[in-house]
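A structural walkthrough
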Amino acid sequence: MNRPPNPDVLLQPRPPSPLQEVRDERFDGYGVRLLLKRDDLVHPELPGNKWRKLAPNLRAAVAAGHDGLVTFGGAYSNHLRATAAAGRLLGLRTVGVVRGDELAGRPLNDSLARCAADGMRLHFVSRSDYRRKAEPQVLAQLVDAAGASGAYVVPEGGSNALALRGCAELGRELRGRANVAAVACGTGGTLAGLAAGLGPGQRALGVPVLAGGFLGPEIRSLQALAFGGPAGEWSLAEDFHHGGYARVPPALEAFAADFEDRHRLPVERIYVAKLLWALTRLTACGTFPHGTVLAAVVTGRP
């Protein structure tokens, strides 16, 4: 029988991701320097914030002797794909609880097909039950119904206290390198940890990719859980979601393709494109004073 991979190969500490300056007149013309924190290069299969959030949880799961992982996400969840890949690399079984029981009888989209190819068993649940998954009794029922009893539970988006401590390292890597560190937000865990890791005089800026305006209280709750209270300076720019999660209207697609052509680097559409779009618009509006050094965290690849 083949032995599972050594978890140290996957979980070993990694060097800081590169910081790359790009020259773009949409920033240069306002006296703003744009740096890209290339977290998409931090791990070949678990890029960006997925590595930073999952690695501490994977260590905890392996240390506690769990043989599997169970987590949650929508039909286009990057987090589900990353968890499935991590399970394959570590030899752990994985179960993904997917929002939307109407999807159960349909062909899998590319994202869910990738999860299945990596060995993840997909369990589709109603949207009403999914919304209640934070309730302990509902969570236990969902995990049991998914056949994942005894598996290590990773929350939606991977955002918990362990994940925030992993993301705080991202902030520490940027100390002294930028005035503002900006990141696209789904569940808010990356922003919450990033802000905690930054140094005095620095602030974090989050660009939510979902509509609804719910992230502020969630980030404060996550920081209280991980750090005992508020940590670092942060704010949200909430008007750049382009209609909601996984919505990529033609204007955003054209912007992302143009950015790729200008700078010869790939732009992930669901998170990174919305972040870069927001930063160009905010810069044009004078949000960042002349002389600002702005670091945009590239959290994933297409």
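Residues numbered from 1 in each chain as written. Predicted model: local features only at pLDDT ≥ 70, side-chain atom pairs only at ≥ 80, totals over all residues. Heavy atoms only, no water.

An unreviewed UniProt entry annotates the protein as 1-aminocyclopropane-1-carboxylate deaminase of Streptomyces xanthophaeus. What the UniProt record of the protein gives under Cofactor (unreviewed entry) is the line "pyridoxal 5'-phosphate". (UniProt positions renumbered as here; feature names shortened; annotations may be inferred.)

1. A look at the UniProt feature "active site" (unreviewed entry) in the protein
The sites that carry the UniProt feature "active site" (unreviewed entry) are, in the present numbering, S77. Position of S77 relative to the elements: it lies in the loop between β3 (68-73) and α4 (78-90). A relative accessible area of 9% places S77 in the buried class. Residue contacts for S77: discarding those within four places in its chain leaves S111 and Y245. (Helix = DSSP H or I, 4+ residues; strand = E, 2+ residues; numbered from the N terminus. Buried < 20%, exposed > 50% of the residue type's maximum accessible area, 1.4 Å probe, protein only. Contact = heavy atoms within 4.5 Å.)

2. Considerations on the UniProt feature "modified residue: N6-(pyridoxal phosphate)lysine" (unreviewed entry) in the protein
UniProt's feature table lists "modified residue: N6-(pyridoxal phosphate)lysine" (unreviewed entry) at K50, given in the numbering used throughout. Within the secondary structure, K50 is located in helix α3 (residues 49-63). Not counting chain neighbours up to four residues away, the residues in contact with K50 comprise A55, N78, H79, A82 and G157.

3. Details of helix α10 (residues 215-227)
With 13 residues, α10 extends 18 Å from end C-alpha to end C-alpha; this agrees with the ideal 18 Å at 1.5 Å per step. The complete set of buried residues in α10 reads L215, G216, I219, L222, Q223 and A226. Seen end-on, α10 carries its buried residues on one side only, within an arc spanning 130°. Opposite its buried face, α10 presents the exposed residues P217, R220 and L225, each directed more than 90 degrees away. Residues of α10 that are buried make contact with α8 (161-173), β7 (180-185), α9 (189-197), β8 (203-208) and β9 (234-236). Immediately beyond the C-terminal end of α10, within one or two residues, lies G228, with a positive phi of roughly 85°. (Expected span 1.5 Å × (residues − 1). Arc of directions from axis to C-beta.)

4. Some details on the packing of aromatic side chains
Within the structure shown, the criterion is met by 3 aromatic pairs. Both rings, one in F255 and one in F259, keep their centres 6.2 Å apart while their planes meet at 45°; by these two values the pair is tilted. Taken as a pair, F255 and F259 lie in helix α11 (residues 250-263) at a separation of 4 residues, close to a single helical turn. For the residue pair F255 and F259, the accessibility class agrees, reading buried in each case. For the pair F255 and W277, a centre-to-centre distance of 5.5 Å together with 75° between the ring planes defines the contact as edge-to-face. In this pair, F255 is assigned in helix α11 and W277 in helix α12 (residues 272-284), connecting sequence segments 22 residues apart. Each member of the pair, F255 as well as W277, is classed as buried. R99 extends its terminal NZ or CZ atom over the ring of Y130, reaching a point 5.3 Å from the ring centre. (Phe/Tyr/Trp six-rings, centres within 6.5 Å; stacked < 30°, edge-to-face > 60°. Lys NZ or Arg CZ within 6 Å of the ring centre and 35° of its normal.)

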